[in-house]
Amino acid sequence: MARRRITADDGRAAVRGWESGDSDRRTVATAVRYYLEELAEVAPGNSVEVRVPPFGVTQCIEGLSHSRGTPPNVVELAPQDWLQLATGATDWETARAAGRISASGTRADLSALLPLQR
């Protein structure tokens, strides 16, 4: 499991700030990275790569792994969309139907893991 870089207190504070309308780059970046770390902790592994440019990327979900090049299972989305999914402000199917999630591969469905904030 990857070492956490964002403390729970700092991560939760950033999420609360984002939820209250703070769109400062540092706040959003910290909230995004905090939830990427949460995802990696909830679903450890490296068969799916979750990308939230420009702030972060993580690998999660056990299964076949990759070592070079583009992984076979990739989820990519914008920071605001990732935070909405992680907090439960929206759900996977709604965001996917609206074209806000790019997901490729047979394992690139995070709906069972979200929201991370319960």
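Keep in mind the model is a prediction, meaning the values are calculated, not measured.

Attention now goes to the pattern of salt bridges. Evaluation of the coordinates by the stated rule reveals seven salt bridges. The partner of Glu-41 in a salt bridge is Arg-4, with the nearest N and O atoms 3.1 Å apart. Of this pair, Glu-41 sits in helix 2 (residues 25–42) while Arg-4 sits in the segment before helix 1 (8–19); the two residues are 37 residues apart in sequence, bridging distant segments of the chain. Residue Arg-51 is joined to Glu-76 by a salt bridge in which the shortest nitrogen-to-oxygen separation is 3.9 Å. Here Glu-76 lies in strand 3 (residues 74–77) and Arg-51 lies in strand 1 (residues 48–52), a separation of 25 residues in the sequence. Relative accessible area serves as the criterion here: at 24%, Arg-51 is assigned to the partly exposed category. Taken together, the shared-partner salt bridges connect Arg-4, Glu-37, Glu-38 and Glu-41 into one network.

Before going further, it helps to spend a moment on the nonpolar core. Core analysis: the biggest nonpolar cluster contains 34 residues, and Val-50, Val-75, Trp-82 and Leu-110 have the highest contact counts within it. Of all the secondary structure elements, the ones that give two or more residues to this core are helix 1, helix 2, strand 1, strand 3, helix 3 (79–87), helix 4 (92–97) and strand 4 (101–104). Here this core gets eight residues from one element, more than from any other, and that element is helix 2. Once you skip the residues sitting within four places of it in the chain, Val-75 turns out to touch Val-48, Glu-49, Val-50, Arg-51, Trp-92, Ile-101, Ser-102, Ala-103, Ala-108 and Leu-110.

Cis geometry marks the peptide bond from Pro-53 to Pro-54; its omega dihedral reads 5°. Within the secondary structure layout, Pro-54 lies in the loop between strand 1 and strand 2 (56–60). Across the junction of Leu-114 and Pro-115, the peptide omega takes the value 5°, indicating a cis bond. As for its placement among the helices and strands, Pro-115 is situated in the segment after strand 4. Despite not being glycine, Ile-61 shows a phi value in the positive range, around 65°. Checked against the element boundaries, Ile-61 lands in the loop between strand 2 and strand 3.

Cut-offs and rules
- Residues numbered from 1 in each chain as written.
- Predicted model: local features only at pLDDT ≥ 70, side-chain atom pairs only at ≥ 80, totals over all residues.
- Heavy atoms only, no water.
- Salt bridge = Lys/Arg side-chain N within 4 Å of Asp/Glu carboxyl O.
- Helix = DSSP H or I, 4+ residues; strand = E, 2+ residues; numbered from the N terminus.
- Buried < 20%, exposed > 50% of the residue type's maximum accessible area, 1.4 Å probe, protein only.
- Core = buried A, V, L, I, M, F, W, Y, C linked by side-chain atoms within 4.5 Å.
- Contact = heavy atoms within 4.5 Å.

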